[in-house]
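Inside the fold
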Amino acid sequence: MVLPKRQLSGSPVQLTELSLGCAQLGNLYQAISDEQARDTVDAAWSCGIRYFDTAPHYGLGLSERRLGAALAEYPRNEFVLSTKVGRILEPLHPSGDRDDEGFDVAATHRRVWDFSRDGILRSLEESLGRLGVDSIDVVYLHDPDNHWREVLDSAYPTLEELRSQGVISAIGAGMNQSQMLTDLARNTDMDVFMLAGRYTLLEQTALDDLLPVCLDRGIGIVAAGVFNSGLLSRNAPSNDAKYNYSEAPAELVARARRISEICERHGTSLPAVALAFPLAHPSVVSVCVGARSPEQIKRNVDLCQEPVPDTIWTELKDSGLLRLDAPVPPTSH
């Protein structure tokens, strides 16, 4: 079984509608074993996921190494692999310190921002080595928020050259904001953006800038962070839920609970609706969700396949909980 796929416009790349974000394979927030990481990837494959996203940033290369080792047993032409550039990993002398950027790993390296041509080429070469593959399908500029000039002068032309040579199939950028992605959409010829947290049940700000431009220019969107750091991941959001990587404000917890109550009345769940919503936009090609265990993989796949009644979208809009101009899944018959 393979989950449904969507095509990137003007590119040979097809992404499964549900993809696996692999930050947790790099011990995001808490450590997992190599065996658990492999079992998680195996479960994703068994459930039909064929698009896997990683980055050097995730666990100082650990995510890439684990993902590459797990995917080595599967045919390379049957899955899509993306990684990111913009942070070079520089070795450090052993100190016993732990990483200070959210990953439970030893501080064996330090991250150095580098969007230069040499930095992009070095980053890709090192990623290929950690992943143990000959090619990467999609390459994203990773969090280039403070590097606009260098992106336009060096990073983007380098990725564009590699794409024209057939070294990579698609290029883009991944960020937690929509404004700079909109500027990139207008000033470059990218294929796909990974947008984290800005197009969800709780927040549709990307409808004001990024999504209309992407629709006009044929740029795909991979929607990440659709649970808003956990606030939308449970049927009943808790007071200590996270939002945008921090403690969720009380008003957003209350809003999430109102949405959850509507979901329950319509016989579905908050996380199922959170996964279904972004895919209704014609520019969205995949929803990227992280997992750290086979059980979480199966849950996410089951949620994606859970029927969402058409009536829920009408009530959410009538209640002011969803923008009136937000596309919703087509009416089923």
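Above this note sits the structure.
Before going into details, it helps to say that this report is about the structure given with it. The residue numbers shown here count from 1 along each chain, following its written sequence. The model is predicted, so local features are restricted to residues of pLDDT at least 70 and side-chain atom pairs to those at 80 or more, both for listing and for counting; the totals for chains, interfaces and linings are taken over all residues. Here the side-chain values reflect all heavy atoms present in the structure, with hydrogen atoms and water set aside.

**Examining the overall build of the chain**
Helix and strand labels come from DSSP, where a helix needs a run of H or I of at least four residues and a strand needs a run of E of at least two; each type is numbered from the N terminus. For the chain, the helix and strand inventory stands at 10 helices and 14 strands. We compute the radius of gyration from the C-alpha atoms alone; for a globule the expected value is 2.2 Å times N to the 0.38, where N is the number of residues. What you see for the chain is a C-alpha radius of gyration of 19 Å, in line with the 20 Å of a compact globule of 333 residues. Its C-alpha atoms give the chain principal-axis dimensions of roughly 55 × 45 × 40 Å. Only protein chains enter the area calculation, which uses a 1.4 Å probe; residues under 20% of their type maximum are buried, those over 50% are exposed, and those in between are partly exposed. The burial tally for the chain puts 56% of its 333 residues in the buried class. The criterion used for residue contact is that any of the two residues' heavy atoms lie within 4.5 Å. For the chain, restricting intrachain contacts to residue pairs at least 6 apart in sequence, the fraction spanning at least 24 positions comes to 73%. In the chain, which carries 31 positive and 46 negative side-chain charges, the distance between the mean positions of the two groups comes to 2 Å. The charged-residue count follows a simple rule in which Lys and Arg add positive charge and Asp and Glu add negative charge, with His and chain termini not counted at all. All charge positions are set by atom: Lys at NZ, Arg at CZ, Asp at CG, Glu at CD.

**A closer look at the nonpolar core**
In plain words, nonpolar cores are sets of buried Ala, Val, Leu, Ile, Met, Phe, Trp, Tyr and Cys residues tied together by side-chain atoms within 4.5 Å. The biggest cluster of nonpolar side chains holds 91 residues, and the ones touching the most others in it are Phe-52, Leu-141, Phe-193 and Leu-201. Examining the composition of this core, we find that six residues originate from one element, helix α7 (residues 250-265), more than from any other. Beyond its immediate stretch of four places on either side in the chain, Leu-201 contacts Leu-232, Ile-259, Leu-270, Val-273, Ala-274, Phe-277, Trp-313, Leu-316, Leu-321 and Leu-322. Core analysis: the next-biggest nonpolar cluster, separate from the first, contains 15 residues, Tyr-51, Tyr-140, Ala-196 and Cys-288 among them.

**Some points on the layout of surface pockets**
Over the atoms a probe the size of a water molecule is rolled, and this reveals where empty space is left. With a 1 Å grid spanning the protein atoms alone, the term cavity applies to any set of points in which a 1.4 Å probe fits but cannot get out, the term pocket to an open set with protein on both sides within 12 Å along at least five of seven lines, and the term lining residue to any residue with an atom within 4 Å of a point. Grid points are joined across faces, edges and corners, and a volume is the space filled by probe spheres set on the points. The computed volume of the largest pocket comes to approximately 1500 Å³. Lining the largest pocket are 47 residues, with Gln-24, Leu-28, Tyr-29, Ser-229 and Tyr-245 sitting closest to its centre. For the lining of the largest pocket, the secondary-structure elements that each account for two or more residues are β9 (170-175), β10 (192-196), β12 (242-243), β14 (284-290) and α9 (294-305). Per-class residue counts for the lining of the largest pocket are 18 nonpolar, 19 polar and 10 charged. There is about 340 Å³ of room inside the second largest pocket. As for the second largest pocket, its lining consists of 20 residues, and the residues nearest its centre are Glu-17, Ala-276, Leu-279, Cys-304 and Gln-305. Amino acids outside the nonpolar list (Ala, Val, Leu, Ile, Met, Phe, Trp, Tyr, Cys, Pro) and the charged list (Asp, Glu, Lys, Arg) are all regarded as polar, and Gly is one of them.

**Description of the packing of helix α2 (residues 62-71) against helix α3 (residues 117-131)**
Angle between the axes and distance between the axes are the two parameters that describe a pair of packed helices. Only the stretch in contact is used when fitting a helix axis, every axis being a line fitted to C-alpha atoms; angles between N-to-C directions are given from 0 to 180 degrees. At a closest axis distance of 7 Å, the pairing of α2 and α3 adopts a crossing angle of 45°. Between α2 and α3, the angle falls in the class oblique. Each of Glu-64, Arg-65, Leu-67 and Gly-68 in α2 lies in contact with α3, whose residues at this interface are Ser-127, Arg-130 and Leu-131. Taken together, the residues of the contact of α2 with α3 sort by class into two nonpolar, two polar and three charged. With respect to orientation, any angle under 35 degrees is reported as roughly parallel, any angle over 145 as roughly antiparallel, any angle of 65 to 115 as roughly perpendicular, and every other angle as oblique.

**Overview of the pairing of β14**
Counting buried residues in β14 gives six out of seven residues, a clear majority hidden from the surface. Two elements, strand β3 (residues 18-21) and β14, share four bridges in a ladder whose sense is parallel. Within β14, the residue paired with Gly-21 across the bridge is Gly-290. A pair of strands is labelled paired if DSSP reports no fewer than 2 bridges between them. Both strand β11 (residues 220-224) and β14 contribute to a ladder of four bridges, which runs parallel.

**Looking at the pattern of salt bridges**
Each salt bridge in this description consists of a side-chain nitrogen of Lys or Arg and a carboxyl oxygen of Asp or Glu lying within 4 Å of one another. Summed over the entire model, instances satisfying the criterion amount to 21 salt bridges. A salt bridge links Arg-163 to Asp-189; the nearest nitrogen and oxygen atoms lie 3.6 Å apart. Here the residue Arg-163 occupies a position in helix α4 (residues 148-164), and Asp-189 occupies one in the loop between α5 (179-187) and β10, the gap between them amounting to 26 residues. Put simply, Asp-302 and Lys-298 hold a salt bridge, and the shortest N to O gap is 3.0 Å. Of this pair, Asp-302 and Lys-298 both sit in helix α9, four residues apart, which is roughly one turn of that helix.

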